[in-house]
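Take a look at the letters that make up each chain.
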Amino acid sequence: MLLNDAFAVRKTHKFLMKSQYWPREELEKYQNTKLRVLVQNSYDNVPYYHDIFKKLNLKPDNIKTKADLHKLPILTKDDLRQHLDKMLASNLKNKAMPSQTGGSTGEPLKFYVQREMWTWANGARYRGWNWAGYEFRDRMVDLWGASFEIEQLEKMSTSFRHKLLRRLTLNTFRMSDEDMGQYARQIIDFKPKIIRSFSGAMYVFAKFVSEHDIKGIEPESIITTAENLFDFQRKKIEDTFGCSVYDGYGSRETSLIAHECEHHRGYHISDENSIVEFLKNDKPVTFGESGEIIITDLHNLVMPWLRYSIGDMGTPKDEKCSCGRALSMMTSIDGRVHDFIVTPSGQRLPGEFFPHLFKDVNGIREYRIVQKKIEELEVEIVRTSDFTDSDFQYLLTHFHEYLGDDIDIEVKFPNSIDWPESGKRRFTISEVA
Ligand SMILES: [Zn+2]
């Protein structure tokens, strides 16, 4: 992170720490002002949206508030894939930074963001951490997937991160008993105030710590993210470490969408960064009813996320949280359930491993990983013409590096994946207890 970026993030963070207490009307006014700028620029400079407005006989003036958004179609991952070149704003091409996700719902995706979006996203992320008690330079452990090329970088920058930022990263892509024993010793030595982790990995680690009756890991709070956090997981983690769990919900495309505050009454949505809709059959759901989560990001003008269907379900909540923040609220996020893959030799690989790996490979339309027996792993990949032999070798190499050689990996290339009717896409499924 450059120094400039760090200052920019501090600035947005400072803003967000104030705006979280704005009255509801002021937050909405802010959203609508940002929305108008976004819509105008999309119409003027983004070919994909210009065409859509023309086709629907709409002008930017027709979309002034959140309530007008329904006039625009939903943006799907397929739309992004097919029209990526037409989605870039012609006046801001020099600001576009390429990014990608391995697909939290099994579909990798490429897209563009601008630095301002990243800055606002990070400001919101730090705010979520603040709610969990984090202050700048507090000691924090990231029990996190440090993947591949990054693993080397992490090693190089570890002492910098360690000393200056007081951060320690432990790799959840290696979680044998031996690894976890070592992580436990490192955490005891490091004495973090906060531990941050994938939900599933934190649960597995909590079970390990309680089974081995390990003492001395005493953070003030634990932040989980990236996957559904189930109540039984939360309870196990809280009982084991004797502190509260704060769950956050975000994505690589849009960063932090919502986060729990100290009252744990649900998730506060980052209203300053995005407008979130909850839809069922294209109509808004009522409070308390589950709907498809649709995001409009207010800070990415280079490639507008206008009504983006992220692939998760969530439930809007009509309640004023006793923390006094007027940010809108949601409960139960439903969508990201990734099983662990276990191997005969005792390696445990969280489902989050696969999006991390697949994001660096071209030509993958979607994928699913299924383990029916402990010694067998089935990988289904729907590939496009961009998928090469070397991509295939890259995947195999990393599968074997992280899973070992005592598991048979069978890769299939079907034309499509037969997802269940429920619409819930579990792309890592293990039937091994
Ligand atoms: Zn609250």
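The model shown is predicted, which means the values in this text are computed figures rather than measured ones. (Residues numbered from 1 in each chain as written. Predicted model: local features only at pLDDT ≥ 70, side-chain atom pairs only at ≥ 80, totals over all residues. Heavy atoms only, no water.)

J.: Looking at this structure, I do not really get the overall build of the protein chain. What am I missing?
T.: Along the backbone of the protein chain there are eleven helices and 20 strands. In terms of principal-axis extent, the alpha carbons of the protein chain reach across some 60 × 50 × 45 Å. Taking all contacts inside the protein chain whose residues are at least 6 apart in sequence as the whole, residues at least 24 apart take part in 69%. As displayed, the protein chain offers around 19,800 Å² of accessible surface, 50% of which is attributable to carbon and sulfur atoms. (Helix = DSSP H or I, 4+ residues; strand = E, 2+ residues; numbered from the N terminus. Contact = heavy atoms within 4.5 Å. Areas by Shrake-Rupley, 256 points an atom, 1.4 Å probe, with all protein chains shown as cover.)

J.: Would you mind going over the packing of helix H1 (residues 3-19) against helix H5 (residues 115-131) with me for this structure?
T.: Helix packing for two helices is described by the angle between their axes and how far apart those axes are. Between H1 and H5, the least distance of the axes is 8 Å, while the angle of their chain directions is 55°. By the angle between their directions, the pair H1 and H5 is classed as oblique. As H1 runs across H5, the sense of the crossing is right-handed. Residues Asp-5, Ala-8, Val-9, Thr-12, His-13, Phe-15, Leu-16, Met-17 and Ser-19 of H1 lie in contact with H5, whose contacting residues are Arg-115, Trp-118, Thr-119, Trp-120, Asn-122, Gly-123, Ala-124, Tyr-126, Arg-127 and Asn-130. When grouped by side-chain class, the residues that make up the contact of H1 with H5 number nine nonpolar, seven polar and three charged. (Axes fitted to C-alpha atoms, helices over the stretch in contact; angles between N-to-C directions. Parallel < 35°, antiparallel > 145°, perpendicular 65-115°, else oblique. Left-handed = near helix turned anticlockwise from the far one by under 90°. Nonpolar A, V, L, I, M, F, W, Y, C, P; charged D, E, K, R; others polar.)

J.: Help me out: how do you make sense of the coordination of the zinc ion in this one?
T.: Angles between donor atoms at a metal ideally measure 109.5 degrees for a four-coordinate tetrahedral arrangement and either 90 or 180 degrees for a six-coordinate octahedral one. Distances from the zinc ion to its protein donors, namely Cys-261 (SG), His-268 (NE2), Cys-321 (SG) and Cys-323 (SG), fall within the range 2.1 to 2.3 Å. Mapped onto the polypeptide sequence, the residues donating to the zinc ion form the spacing pattern C-x6-H-x52-C-x1-C. Taken together, the residues span a long stretch of sequence, with Cys-261 in the loop between strand E8 (255-260) and strand E9 (267-269) and Cys-321 in the loop between strand E13 (308-317) and strand E14 (329-334) at a distance of 60 residues. For Cys-261, a relative accessible area of 1% gives the class buried. What makes Cys-321 buried here is its relative accessible area of 6%. (Donors = N, O, S within 2.8 Å, 3.2 Å for Na, K, Ca; no water. Buried < 20%, exposed > 50% of the residue type's maximum accessible area, 1.4 Å probe, protein only.)

J.: Just to check I follow, could you spell out the sheet that holds strand E17 (residues 364-373) for this structure?
T.: The pairing of strands in a sheet comes from backbone hydrogen bonds and takes either a parallel or an antiparallel form. Taking strand neighbours across the sheet as the criterion, the four strands line up as E19-E18-E17-E20 in an open arrangement whose pairing is mixed. What marks the edges here is a single partner per strand, and that holds for strand E19 (408-412) and strand E20 (428-430). Each adjacent strand pair in this sheet contributes to an overall mean axis angle of 15°, direction not counted. By the bridge criterion, three bridges tie E17 to E20 in an arrangement that is parallel. If you follow Gln-371 over to E20, its bridge partner there is Ser-430. In the packing of helix H11 (residues 389-403) onto the sheet, contacts are made with E17, strand E18 (376-383) and E19, and the angle to E19 comes to roughly 155°. (Pairing = 2+ DSSP bridges.)

J.: Just to check I follow, could you spell out the packing of helix H8 (residues 199-211) against helix H9 (residues 231-241) for this structure?
T.: The geometry of H8 relative to H9 is characterised by a closest axis approach of 9 Å and an angle of 45° between their N-to-C directions. In this view, H8 runs oblique relative to H9, as classed from their interaxial angle. Where H8 crosses over H9, the two elements pack in a sense that is left-handed. Mapping the contact onto sequence places Ser-199, Gly-200, Met-202, Tyr-203, Phe-205, Ala-206, Lys-207, Val-209 and Ser-210 in H8 and Phe-232, Gln-233, Lys-236, Ile-237, Thr-240 and Phe-241 in H9. Residue composition of the contact of H8 with H9, grouped by class: eight nonpolar, five polar and two charged.

J.: Help me understand helix H7 (residues 177-190) in this model?
T.: Its 14 residues place the ends of H7 20 Å apart at the C-alpha level, agreeing with the 20 Å of an ideal helix rising 1.5 Å per residue. Looking only at H7, the buried set comprises Asp-179, Met-180, Gly-181, Tyr-183, Ala-184, Ile-187 and Phe-190. (Expected span 1.5 Å × (residues − 1).)

J.: Sorry if this is basic, but what is going on with the side chain of Thr-343 here?
T.: On the secondary structure map, Thr-343 appears in the loop between strand E15 (341-342) and strand E16 (348-349). Not counting the four nearest positions on each side in its chain, Thr-343 is found in contact with Ile-374, Leu-403, Asp-406 and Ile-407.

J.: Hey, could you run me through the pattern of salt bridges in this one?
T.: Side chains that differ in sign of charge can pair as their charged atoms come close. Tallied over the full model, the rule gives 25 salt bridges. The closest approach of N and O atoms between Glu-319 and Lys-317, which form a salt bridge, is 3.4 Å. Between Arg-368 and Glu-380 there is a salt bridge, and its shortest N-O distance comes to 2.9 Å. With Arg-368 in strand E17 and Glu-380 in strand E18, the pair connects residues that are twelve residues apart, well separated along the chain. Overall, Glu-380 belongs to the buried group, its relative accessible area being 11%. (Salt bridge = Lys/Arg side-chain N within 4 Å of Asp/Glu carboxyl O.)

So far we have only geometry, and geometry alone does not tell us how the molecule works.
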